[in-house]
Amino acid sequence: MGEPLVFTFNVDGGDFTSAGQASVAVKKNLSQIGFPPEVIRRVSIAMYEGEINMVIHADGGVATVKVDENCIEIVLADKGPGIADVEKAMQEGFSTAPDEVRGLGFGAGMGLPNMKRYTDEMSIDSTVGVGTTITMKVNY
Amino acid sequence: MTVKSLAEKLNLETVCCPCPEKEVSGVYIGDLLSWVMGRAKAGDAWLTIMSNVNIVAVAALADTAAVILTEGVTVDENITATALAKGVNIFTSRNPAYETAVDISKLI
Ligand SMILES: Nc1ncnc2c1ncn2[C@@H]1O[C@H](COP(=O)(O)OP(=O)(O)OP(=O)(O)O)[C@@H](O)[C@H]1O
Ligand SMILES: [Mg+2]
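Residues numbered from 1 in each chain as written. Chains lettered and ligands numbered in written order. Predicted model: local features only at pLDDT ≥ 70, side-chain atom pairs only at ≥ 80, totals over all residues. Heavy atoms only, no water.

Quick word on the site of ligand 1
Working step 1: Neighbouring residues of ligand 1: 22 residues in total, closest A:H57, A:S95, A:T96, A:G107 and A:G109.
Working step 2: Ligand 1 is flanked by residues contributed from chains A and B.
Working step 3: In this structure, an oxygen atom belonging to ligand 1 sits 2.8 Å away from a main-chain N or O atom of A:M110.
Working step 4: With respect to ligand 1, the side chain of B:S34 contributes an N or O atom lying 2.9 Å from an oxygen atom.
Working step 5: For the shell around ligand 1, the secondary structure elements donating two or more residues are α2 (37-57) and α5 (111-118) of chain A.
Working step 6: Taken together, the residues that form the shell around ligand 1 break down as 10 nonpolar, 10 polar and 2 charged. (Near = heavy atom within 4 Å. Polar contact = N/O pair within 3.5 Å; in protein donor to acceptor, adjacent residues only side chain to side chain. Helix = DSSP H or I, 4+ residues; strand = E, 2+ residues; numbered from the N terminus. Nonpolar A, V, L, I, M, F, W, Y, C, P; charged D, E, K, R; others polar.)

Here we look at the packing of aromatic side chains
All names here are of chain A.
Working step 1: Under the counting rule described, the total for this entry stands at 2 aromatic pairs over all chains.
Working step 2: Between F16 and F106, the ring centres sit 6.0 Å apart and the planes meet at 40 degrees, which makes this aromatic pair tilted. Residue F16 is located in the loop between β1 (5-12) and α1 (21-33), and its partner F106 is located in the loop between α4 (99-102) and α5; the two are separated by 90 residues in the primary sequence.
Working step 3: For F16, a relative accessible area of 18% translates into the label buried.
Working step 4: Pairing F35 with Y140 gives two aromatic rings, centres 4.8 Å apart and planes at 85 degrees, and the pair type is edge-to-face. Within this pair, whereas F35 is found in the loop between α1 and α2, its partner Y140 is found in the segment after β5 (131-139), the two being separated by 105 residues in sequence.
Working step 5: A relative accessible area of 10% places F35 in the buried class. (Phe/Tyr/Trp six-rings, centres within 6.5 Å; stacked < 30°, edge-to-face > 60°. Buried < 20%, exposed > 50% of the residue type's maximum accessible area, 1.4 Å probe, protein only.)

A word on the pairing of strand β2 (residues 26-29) of chain B
Residue and element names in this part refer to chain B.
Working step 1: Burial along β2 is one-sided: the residues G26 and Y28 are buried and none of V27 and I29 is.
Working step 2: The pairing of β2 with strand β3 (residues 44-48) spans 4 bridges and is parallel. Directly across from G26, in β3, lies its bridge partner D44.
Working step 3: Handedness of the crossover is the feature at issue here: the chain leaves β2, passes through helix α2 (residues 33-39), returns alongside β3, and the resulting connection is right-handed. (Pairing = 2+ DSSP bridges. Right-handed = clockwise from strand over helix to strand, strands pointing away.)

Considerations on the interface of chain B and chain A
Working step 1: If you look at the interface, chain B gives 23 residues, while chain A gives 23 residues.
Working step 2: Between chain B and chain A, roughly 1900 Å² of surface is buried when both sides are summed, and carbon and sulfur atoms account for 55% of that area.
Working step 3: Counting the contacts that link chain B with chain A gives 2 salt bridges.
Working step 4: Ionic pairing is found between A:K27 and B:D63, a salt bridge with its closest N-O pair at 2.4 Å.
Working step 5: Counting residues per element, the ones that place at least two in the side of chain B that touches chain A are α2 and α3 (54-61) of chain B.
Working step 6: In terms of residue count, the dominant contributor to the side of chain B that touches chain A is α2(B) (6 residues).
Working step 7: In terms of residue class, the side of chain B that touches chain A is made up of 13 nonpolar, 5 polar and 5 charged. (Contact = heavy atoms within 4.5 Å. Buried area = accessible area lost by both parts, 1.4 Å probe. Salt bridge = Lys/Arg side-chain N within 4 Å of Asp/Glu carboxyl O.)

Here we look at the layout of surface pockets
Working step 1: Of the volumes computed, that of the largest pocket is approximately 600 Å³.
Working step 2: Along its surface, the largest pocket is lined by 33 residues, and A:N53, A:H57, A:I83, A:T96 and A:L112 are the ones closest to its centre.
Working step 3: Ranked by the residues each element gives to the lining of the largest pocket, the list is headed by α2(A), at 7 residues.
Working step 4: There is about 320 Å³ of room inside the second largest pocket.
Working step 5: Forming the boundary of the second largest pocket are 17 residues, of which A:K27, B:K22, B:A60, B:K86 and B:G87 lie nearest the centre. (1 Å grid on protein atoms, 1.4 Å probe; cavity = no way out; pocket = protein on both sides within 12 Å on 5 of 7 lines; lining within 4 Å. Points joined across faces, edges and corners; volume = space filled by probe spheres on them.)

Below, the structure written as structure tokens:
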């Protein structure tokens, strides 16, 4: 592979009817390239959780997926409220999701743990009042 | 067993079945989407009472074989077109999740 392939998506905030579209598009692209299903599944799940978090917690953001020679890198950047206590947010079950999205099935506090579990590397760069950037890597 | 024959054997009502030949290899029961994302396996039939449009993306991305809405729950109007476009099979069952899972376990 020469130049890395890059996909970029604007993720709208507060739109739950089309939430997950960027992840679905990435899944389709990776399938067409011919990645193994298990790699695609890991990228899809990790990216979906991050995408939904930007919709629910940060009023949207930008998702970028870079396909490199040995790894797929997912970067989710938003200008939302930021995460005050990242360690706490990473714990299974911790959630500040509002009631109306809990009624849709979100808010289990499992999204960030899933992102960690399904990727080989994950880092969270967040500043309260400025925004959050999450970078994940899936090696293949 | 394929989704199509499973649906026939269980007398499930079809909401949409764009990929009838998918193999069902297990069952996952749950309504909280991140639990499903984290714990369901590819090829599982996903049994839930959650019926809003977000289940379509979850089912597509987690590679579940089919969504089965239990307890006679019906889908929201706008789901079918989205599910067809994303290749997600959706059925409804009058039975509760436990009975449905037991029935599936006898077949697969
Ligand atoms: N991009 C973000 N901006 C601001 N806060 C965030 C962001 N992502 C996560 N958080 C915070 O971290 C918490 C935990 O996130 P996590 O994804 O694990 O759970 P959740 O989104 O609340 O529920 P679930 O993902 O299970 O539906 C959130 O409730 C929220 O407080
Ligand atoms: Mg989340």
